[in-house]
Amino acid sequence: MEGRRVPDVVFKTRVRDESVGGENPFRWQDLTSRQLFDGRRVLVFSLPGAFTPTCSNEQCPSFERAYEELLSHGVDEVVCISVNDAFTMYQWGRHLGISRVRLIPDGSGHFTRRMGMLINKDHLGFGYRSWRYLMVVRDGVIEKWWQEPGINDEGADDDPYTCTSAETALEYLRGVI
């Protein structure tokens, strides 16, 4: 994966816009991969889904806690990409108190599929989701890549969380690994 350009897709996001008015002042805004990654160094972690146990209790909060230190090591932004819609990602962020990590919805899984990380979790009623991975992207090109072991599509309930933590990213950025 390292040295490979990230897929060129359009993420369907929602942004707050007071001019919309009403109780839900948000509008749709397309965000391209190029807008997100080009000319920048972005730390990306992807996970199976909003409101799921490991994602909510450990992985996403760890990046929120480490946000300032991650940026101090030359990262411009920390992004979480999940195969969930924009509404779910927004409510999940509110529920967790996430204010610095940018939550990007990959609702149809186009980015995740083109990354080779789309897996079938029908046996759990989830449908298609992302396998857990972590990457540092510099100017649209993958600089460093980690993915959890055992990627599968056969219905195994394993959901490892061993190498895609904020601590792994920090060790790399500090030059430890």
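Scroll up to find the structure.
### With respect to the overall build of the chain
At step 1: Summing up its helical and strand segments, the chain has six helices and nine strands in all.
At step 2: If one aligns the C-alpha atoms of the chain with their principal axes, the spans along those axes are about 50 × 40 × 30 Å.
At step 3: When the 177 residues of the chain are sorted by exposure, 49% land in the buried category.
At step 4: The long-range fraction of contacts in the chain, counting pairs at least 24 apart against all pairs at least 6 apart in sequence, stands at 63%.
At step 5: As presented, the chain carries roughly 8,500 Å² of accessible surface, and 46% of it is formed by carbon and sulfur atoms.
At step 6: Side chains of the chain carry 21 positive and 26 negative charges; the gap between the two charge centres is 4 Å.

### Section: helix H6 (residues 166-174)
At step 1: When we look at burial in H6, the residues that qualify are Ala 166, Thr 168, Ala 169, Leu 170, Tyr 172 and Leu 173.
At step 2: Contacts from the buried residues of H6 go to strand E3 (41-47), helix H2 (53-65), helix H3 (67-72), strand E8 (133-138) and strand E9 (141-147).
At step 3: Positive backbone phi, approximately 85°, marks Gly 175, located one or two places after H6.

### Considering the packing of aromatic side chains
At step 1: Under the criterion given, the structure shown has seven aromatic pairs.
At step 2: Measuring from centroid to centroid gives 5.5 Å for Trp 28 and Phe 87, while their planes differ by 90°, and the two rings are edge-to-face. Here Trp 28 is found in strand E2 (residues 26-32), whereas its partner Phe 87 is found in helix H4 (residues 86-96), with 59 residues between them in sequence.
At step 3: Residues Trp 146 and Tyr 172 carry aromatic rings whose centres are separated by 5.5 Å and whose planes lie at 80° to one another, so their mutual orientation is edge-to-face. One end of the pair, Trp 146, is in strand E9; the other, Tyr 172, is in helix H6, and 26 residues separate them in sequence. Assigned by exposure class, Trp 146 and Tyr 172 land together as buried.
At step 4: Among the aromatic residues, those joined into a cluster by ring pairs are Phe 11, Phe 37 and Phe 111.
At step 5: The cationic tip of Arg 14 hangs over the ring face of Trp 28; the distance from NZ or CZ to the ring centre is 4.7 Å.
At step 6: The side chain of Arg 129 reaches across the aromatic face of Phe 126, ending 4.8 Å from its centre.

### Some thoughts on the sheet that holds E8
At step 1: Here we have five strands laid out as an open sheet, ordered E5-E4-E3-E8-E9, and mixed in their pairing. The sheet is open, and its two borders are formed by strand E5 (102-105) and E9, each paired with just one other strand. Taken pair by pair, the neighbouring strands of this sheet meet at an average axis angle of 25°, ignoring direction.
At step 2: Bridge count between E3 and strand E4 (residues 77-82): six bridges; the pairing is parallel.

### Observations regarding unusual backbone geometry
At step 1: The phi dihedral of Phe 51 falls on the positive side, at around 70°, and the residue is not glycine.
At step 2: By secondary structure assignment, the location of Phe 51 is in the loop between E3 and H2.
At step 3: Although it is not a glycine, Asp 139 sits at a positive phi angle of roughly 50°.
At step 4: Position of Asp 139 relative to the elements: it lies in the loop between E8 and E9.

### Quick word on the nonpolar core
At step 1: Within the largest apolar cluster, 27 residues are counted, with the highest numbers of intra-cluster contacts made by Leu 43, Phe 45, Phe 63, Leu 70, Val 78, Trp 92 and Val 101.
At step 2: If you list the elements that add at least two residues to this core, you get E3, H2, H3, E4, H4, E8 and H6.
At step 3: With five residues, the single largest contributor to this core is H6.
At step 4: The contact partners of Val 78, leaving out residues within four places of it in the chain, are Leu 43, Phe 45, Phe 63, Tyr 67, Leu 70, Leu 71, Arg 100, Val 101 and Arg 102.

### A look at the state of the cysteines
Note on terminology: disulfide describes a covalent bond linking the sulfur atoms of two cysteines.
At step 1: Using the criterion set out here, one finds zero disulfides in the structure.
At step 2: Of all cysteine sulfurs, the one in Cys 60 lies closest to Cys 80, which takes part in no disulfide; the gap is 4.9 Å.
At step 3: Summary of cysteine pairing: Cys 163 is not part of a disulfide, and the nearest cysteine sulfur, belonging to Cys 55, is at 14 Å.

The rules we used
- Residues numbered from 1 in each chain as written.
- Predicted model: local features only at pLDDT ≥ 70, side-chain atom pairs only at ≥ 80, totals over all residues.
- Heavy atoms only, no water.
- Helix = DSSP H or I, 4+ residues; strand = E, 2+ residues; numbered from the N terminus.
- Buried < 20%, exposed > 50% of the residue type's maximum accessible area, 1.4 Å probe, protein only.
- Contact = heavy atoms within 4.5 Å.
- Areas by Shrake-Rupley, 256 points an atom, 1.4 Å probe, with all protein chains shown as cover.
- Lys, Arg positive; Asp, Glu negative; His and termini not counted.
- Charge placed at Lys NZ, Arg CZ, Asp CG, Glu CD.
- Phe/Tyr/Trp six-rings, centres within 6.5 Å; stacked < 30°, edge-to-face > 60°.
- Lys NZ or Arg CZ within 6 Å of the ring centre and 35° of its normal.
- Pairing = 2+ DSSP bridges.
- Axes fitted to C-alpha atoms, helices over the stretch in contact; angles between N-to-C directions.
- Core = buried A, V, L, I, M, F, W, Y, C linked by side-chain atoms within 4.5 Å.
- Disulfide = S-S within 2.5 Å.

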